[in-house]
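Analysis of the macromolecular model
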Amino acid sequence: EAAKARFLERNPISGKLFEEASQYLPGGNTRTLLYTAPYPICMKKGEAYKVYDEDGHEYTDFVGELTAGLYGHSHPVIQKCLIDTITNVGLNLGSTIAQEAAHAKLMCSRFHLDKVRFCNSGTEANMHALAGARYFTGKRKVVVFSGGYHGAVFGFWDGVQENGVDKHEWVIGRYNDVEGAKKLIEQDDIAAVLVEGMQGAGGCIPGTREFLHQVQESAKKVGACFILDEVMTSRLSPSGLQAILGLSPDLTTFGKWLGGGLAFGAFGGREDIMAVYDPRSPSSLAHSGTFNNNTLAMHAGFTGLSEIWKPEVAIEFNELGDSFRADLQAVARGTKMSVTGRGTLVGIHFSQEGTTEIPCREAIVEDWDLKDLFFMEMMEDGFWLTRRGSIALILGTPKSELDRFVKSVGQFLERHQNLV
Ligand code: PLP
């Protein structure tokens, strides 16, 4: 209650803007995740790894636009690319452009894909990958895992689909359950298995090597497409999480940072499966989208991947993330707080059981009151986080800011010893 009172006092302009927004947007909102009670903070500006809100506070940005903001808010290379593109190329040209082949070639070589297609979001990438898999296999069912999130209408919280508008026939298994996955996948009529190598929105819960290889093997055995959702995890190494784990998915889906910070999605993989989208074939599947090859995302995505996100940068940055997570784990030891994740992606949990090993979402009962308190007090210390406690580091965030956060978390845990 005291933290809430301080929140209201600190953020009157955000409150007023929320009231205005609520007149035209349901709940003042157009991205469900961004609603937080009593009202969300309204940001005004971002610069490098910082964001500034309407009430004049400055924050170190740990949301990192849920992984899409890898390059930060004003990376000079991306800025220059966008300005050059607007000036010399223009906005959408209503035609194919050479840059889409250039970005496709680079993505194919970095992520070991035969062919790739672009779209505008990770949600779309998964939608089209699933449609392709069903068309290619002639089968109907899709295996997914509880706690998985594959886009706007593809959230599988607690074993049920969050938003039932989609017509796929889902078979929902438990994440990291090796035997369970084998049983579910090795049945008739499974067109595809769609899985994250680490559940991102589900709480940064890494999949085990054993589980993911079982998924791959079982899918192969029954001729189902193994689709790895790397929308978030593609940044965990120069060639995605699949390279770390030694996986060879049939299809991989992408999004987020690979558009350089602009709206982006892509799906790609095996030549024979991707051929279902070849428009030269009379029986091909249609895949259209006005902005699929938009000039800005094609140029910014390519520039980011070729000029900024070089293999050595990817490795070094994720090592920094690993040591940051280890530091957080050290201050959390002996409390209800657990810290999960991989590389530059971190999940913070407050569990009533003080769980330290989290194999799947069902294994934790989050203490949302503590999480809310944490979210509000970290904000007071100048850190911008998601309420659910996920962190996606922004390239160029100084080590001193990571250390300051670890210290601030330690002080939080000490201050609330009776609760944690
Ligand atoms: N897949 C995963 C693993 C994601 O984390 C997300 C978004 O957070 C998506 C798909 C959907 O991407 P988008 O929000 O671009 O539609």
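The model shown is predicted, which means the values in this text are computed figures rather than measured ones. (Residues numbered from 1 in each chain as written. Predicted model: local features only at pLDDT ≥ 70, side-chain atom pairs only at ≥ 80, totals over all residues.)

Within the chain, the secondary structure is distributed over 13 helices and 16 strands. Here the C-alpha atoms of the chain give a radius of gyration of 21 Å, agreeing with the 22 Å that 2.2 N^0.38 yields for 420 residues. Each of the three principal axes of the chain carries a C-alpha extent, and together these read 65 × 55 × 45 Å. A buried classification covers 46% of the 420 residues belonging to the chain. Of the contacts made within the chain by residues no fewer than 6 positions apart, 70% connect residues no fewer than 24 positions apart. (Helix = DSSP H or I, 4+ residues; strand = E, 2+ residues; numbered from the N terminus. Rg over C-alpha atoms; globule rule 2.2 N^0.38 Å. Buried ≥ 20, exposed ≤ 12 C-beta atoms within 10 Å, placed from the backbone. Contact = placed C-beta atoms within 7 Å.)

Once that is clear, we can look at unusual backbone geometry. Cis geometry is adopted by the peptide bond preceding Pro38, which originates at Ala37 and carries an omega value of -5°. Look at Leu66: it is not a glycine, yet its phi comes out positive at around 50°. Among the secondary structure elements, Leu66 is positioned in the loop between strand 3 (58-61) and helix 3 (76-88). By C-beta crowding, Leu66 is classed as partly exposed, having 19 other C-beta atoms within 10 Å. For His112, which is not glycine, the phi torsion reads 55° and is therefore positive. Within the secondary structure layout, His112 lies in the loop between helix 4 (98-111) and strand 4 (115-119).

As summarised here, the arrangement of the seven strands in space is 4-12-11-10-7-5-6, forming an open sheet in which the pairing is mixed. The open sheet has two free edges, formed respectively by strand 4 and strand 6 (169-173), since each of these has just one partner strand. Ignoring strand direction, the axes of neighbouring strands in this sheet form an average angle of 20°. Sheet strands touched by helix 5 (residues 122-137): strand 4, strand 5 (141-145), strand 7 (190-196), strand 10 (225-229), strand 11 (251-255) and strand 12 (265-269). Its angle to strand 11, the strand with the most contacts, is close to 165°. Along the sheet, helix 6 (residues 178-185) makes contact with strand 5, strand 6 and strand 7, crossing strand 6 at roughly 160°. (Pairing = 2+ DSSP bridges. Axes fitted to C-alpha atoms, helices over the stretch in contact; angles between N-to-C directions.)

A word on the domain arrangement of the chain. Domain annotation for the chain reports domain 1 (2-70 + 313-415) and domain 2 (76-308). Taken together, the contact pairs 23 residues of domain 1 with 21 residues of domain 2. Contributions of two or more residues to the side of domain 1 that touches domain 2 are made by helix 11 (311-332), strand 13 (337-342) and strand 14 (345-350). When its residues are assigned to classes, the side of domain 1 that touches domain 2 shows 10 nonpolar, 10 polar and three charged. (Domains from an automatic or database assignment. Nonpolar A, V, L, I, M, F, W, Y, C, P; charged D, E, K, R; others polar.)

With that out of the way, let us pick up the environment of Glu100. Assignment of secondary structure puts Glu100 in helix 4. Here Glu100 falls in the buried class, since 21 other C-beta atoms lie within 10 Å of it. As for Glu100 and Glu401, which are separated by 301 residues in sequence, their C-alpha atoms are 37 Å apart. Setting aside residues up to four positions removed in sequence, Glu100 forms contacts with Phe118, Asn293 and Met298.

As a structural note, the neighbourhood of the ligand is formed by 17 residues, with Ser121, Gly122, Thr123, Gly151 and Val231 the closest of them. It is helix 5 that provides the largest number of residues to the shell around the ligand, a total of three residues. Partitioning the shell around the ligand into residue classes produces six nonpolar, nine polar and two charged. (Near = placed C-beta within 6 Å.)

On to the packing of helix 3 against helix 10 (residues 295-308), then. Between helix 3 and helix 10, the shortest axis-to-axis distance is 9 Å and the interhelical angle comes to 145°. In terms of crossing hand, the pair formed by helix 3 and helix 10 is right-handed. Counting all contacts with helix 3, which are made through Val77, Ile78, Cys81, Leu82 and Thr85, the residues of helix 10 involved are Thr295, Leu296, His299, Ala300, Thr303, Gly304, Glu307 and Ile308. (Left-handed = near helix turned anticlockwise from the far one by under 90°.)

Let us now look at the confidence of the model for the chain. In this model, the chain carries an average pLDDT of 95, and 98% of its residues clear a pLDDT of 70 or more. Reported confidences for the modelled complex are a pTM of 0.97 and an ipTM of 0.99. (pLDDT = per-residue confidence, 0-100.)

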